[in-house]
Amino acid sequence: MTTHRARRTVRSAGLVAVAAAAAFTLTACQSGSKDAAGPTNKVAGSASRSTGNAGALSGAEASSGKVPTGARTEAEAPAAYRATAPAAAAKAASPVRTQTLADGSTAEIYELGALHYRAKIVHSGQVLATLEANQHDAGLDANDMFVVLTLGGQVHSWMGGGHTGPGTFKLAGGWTAEVTKIGALRYRAQIIGNDGAVYGTLEANQQDAGLDANGVYIVLSAGGVISAHE
């Protein structure tokens with residue numbers, strides 16, 4: 001799938017990105033230096049779905065905008081659903097904020113739920129790409145502009161600084177990345193601190209992946225390009 005921008009072509013790999021799950025956990029203690037970072041991206045278990053046609057809705061079900069099992073129409077749904085779904089739909093329909101990105105385009109950020117955000121990248125009224133962070137961060141390489149959308153809804157973008165793997169590369173914040181190719185459009189980066197320990201792994205599988213590593217933002221593309229920015 002190819003996404004087009006006025007006056008430039010945006011690469012297809014990973015552009016319309018519901019970003020790949022980036023399995024990354026920093027294990028060192030927080031200490032003021034960025035390579036002695038505290039745990040990040042740890043998410044508690046998801047809400048369970050309620051059972052029974054007329055039972056009480058779980059928080060996730062009430063805010064999903066879907067008619068629950070056993071209710072054929074919204075009118076038949078429990079009162080909790082009828083009261084919550086329109087408000088949730090209205091909230092998701094409008095961005096919580098907009099933000100200008102490094103290349104002059106605009107990110108429209110939508111809150112879809114707890115630790116669940118979507119960012120539409122817009123230029124001259126045209127949506128060029130979409131990132132979705134759902135329980136983990138998301139990333140994008142858009143023609144050498146790198147974008148990270150965090151699970152808290154924050155957006156960080158920068159231009160350039162990419163290294164093409166496989167290989168070992170120095171990154172911002174004192175990190176080192178060892179990038180390996182593990183398949184077609186599939187790369188893995190081990191993130192290593194100054195002490196030589198592997199603090200986590202970032203994997204791009206058919207689409208780009210991104211990470212907020214305690215204020216150092218990292219994108220790994222499905223083409224093996226890695227870039228980081230503070």
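Residues numbered from 1 in each chain as written. Predicted model: local features only at pLDDT ≥ 70, side-chain atom pairs only at ≥ 80, totals over all residues. Heavy atoms only, no water.

1. Some thoughts on the overall build of the chain
Link 1 in the chain: When helices and strands are tallied, the chain shows two helices and 17 strands.
Link 2 in the chain: Of all 230 residues assigned to the chain, the portion counted as buried reaches 44%.
Link 3 in the chain: Across the chain, contacts joining residues at least 24 apart in sequence account for 43% of those joining residues at least 6 apart.
Link 4 in the chain: Accessible surface for the chain amounts to roughly 10700 Å². Of this, 51% is attributable to carbon and sulfur atoms. (Helix = DSSP H or I, 4+ residues; strand = E, 2+ residues; numbered from the N terminus. Buried < 20%, exposed > 50% of the residue type's maximum accessible area, 1.4 Å probe, protein only. Contact = heavy atoms within 4.5 Å. Areas by Shrake-Rupley, 256 points an atom, 1.4 Å probe, with all protein chains shown as cover.)

2. Some words on the pairing of strand β9 (residues 155-159)
Link 1 in the chain: Of all the five residues making up β9, four are buried; the element is thus mostly covered by neighbouring parts of the structure.
Link 2 in the chain: Pairing analysis gives five bridges linking strand β8 (residues 145-149) to β9, with the strands arranged antiparallel. Residue pairing across strands places Leu149 opposite Val155, the latter belonging to β9.
Link 3 in the chain: Counting the residues between successive antiparallel strands, the hairpin from β8 to β9 contains five residues, one of them, Gly153, with a positive phi of roughly 90°. (Pairing = 2+ DSSP bridges.)

3. A word on the sheet that holds strand β11 (residues 167-170)
Link 1 in the chain: On the basis of which strands lie adjacent, the open sheet formed by four strands has the order β11-β12-β13-β14 and antiparallel pairing. The open sheet is flanked by β11 and β14 (198-205), the only strands paired with a single partner. Across the sheet, the mean angle from the axis of one strand to that of its neighbour is 25°, orientation sign disregarded.
Link 2 in the chain: Here four bridges tie β11 to strand β12 (residues 176-183), and the two strands are oriented antiparallel to one another. Looking at β12, one finds that Gly167 is bridged to Val179. (Axes fitted to C-alpha atoms, helices over the stretch in contact; angles between N-to-C directions.)

4. A closer look at the confidence of the model for the chain
Link 1 in the chain: Per-residue confidence for the chain gives a mean pLDDT of 72, with 60% of residues at or over 70.
Link 2 in the chain: Low pLDDT (under 50) marks residues 1-84, which in the prediction has 173 contacts with non-local residues, meaning those over four places away or in another chain. (pLDDT = per-residue confidence, 0-100.)

5. As for the packing of aromatic side chains
Link 1 in the chain: Per the stated rule, a full pass over the model turns up two aromatic pairs.
Link 2 in the chain: Ring geometry for Phe146 versus Trp158: centroids 5.8 Å apart, planes at 25°, classification stacked. With Phe146 in strand β8 and Trp158 in strand β9, the pair connects residues that are 12 residues apart, well separated along the chain.
Link 3 in the chain: Its relative accessible area of 0% is what places Phe146 among the buried residues. (Phe/Tyr/Trp six-rings, centres within 6.5 Å; stacked < 30°, edge-to-face > 60°.)

6. Brief notes about the nonpolar core
The nonpolar side chains of soluble globular proteins are, as a tendency, buried together.
Link 1 in the chain: Val179, Ile218, Leu220 and Ile226 are the most contacted members of the largest nonpolar core, which totals 19 residues.
Link 2 in the chain: Every element with two or more residues in this core is listed here: β12, β13 (186-192), β14, β15 (209-213), β16 (216-220) and β17 (225-229).
Link 3 in the chain: Once you skip the residues sitting within four places of it in the chain, Leu220 turns out to touch Val179, Tyr187, Arg188, Ala189, Leu202, Glu203, Ala204, Asp208, Ala209, Val225 and Ile226. (Core = buried A, V, L, I, M, F, W, Y, C linked by side-chain atoms within 4.5 Å.)

7. As for unusual backbone geometry
Link 1 in the chain: Of the consecutive residues Gly165 and Pro166, the connecting peptide bond is found in the cis state with omega at 5°.
Link 2 in the chain: Take Pro166: it is sitting in the loop between β10 (163-164) and β11.
Link 3 in the chain: Of note, Gln135 is a non-glycine position whose phi angle comes to about 75°, a positive value.
Link 4 in the chain: Tracing the backbone through its elements, the reader meets Gln135 in the loop between β6 (126-134) and β7 (138-142).
Link 5 in the chain: One non-glycine residue, Asn143, adopts positive backbone phi at about 55°.

8. With respect to the sheet that holds strand β4 (residues 106-113)
The strands making up a sheet are joined through hydrogen bonds of the backbone, oriented either antiparallel or parallel.
Link 1 in the chain: The four strands are arranged β3-β4-β5-β6 in an open sheet whose pairing can be described as antiparallel. Of all strands in the sheet, those with a lone pairing partner are β3 (97-100) and β6, marking the two edges. For this sheet, the mean angle separating the axes of adjacent strands, direction not counted, is 25°.
Link 2 in the chain: In the sheet, β4 pairs with strand β5 (residues 116-123) via seven bridges, with the strands oriented antiparallel.

9. A word on the pattern of salt bridges
Link 1 in the chain: This structure, assessed with the given rule, holds three salt bridges.
Link 2 in the chain: Taking the shortest distance from any N to any O, the salt bridge between Glu132 and Arg118 comes out at 2.9 Å. Highlighted residues: Glu132 in strand β6 and Arg118 in strand β5, separated in sequence by 14 residues.
Link 3 in the chain: Its relative accessible area of 28% is what places Arg118 among the partly exposed residues.
Link 4 in the chain: The partner of Glu203 in a salt bridge is Arg186, with the nearest N and O atoms 2.7 Å apart. Of the two residues, Glu203 sits in strand β14 while Arg186 sits in strand β13, which places them 17 residues apart along the sequence. (Salt bridge = Lys/Arg side-chain N within 4 Å of Asp/Glu carboxyl O.)

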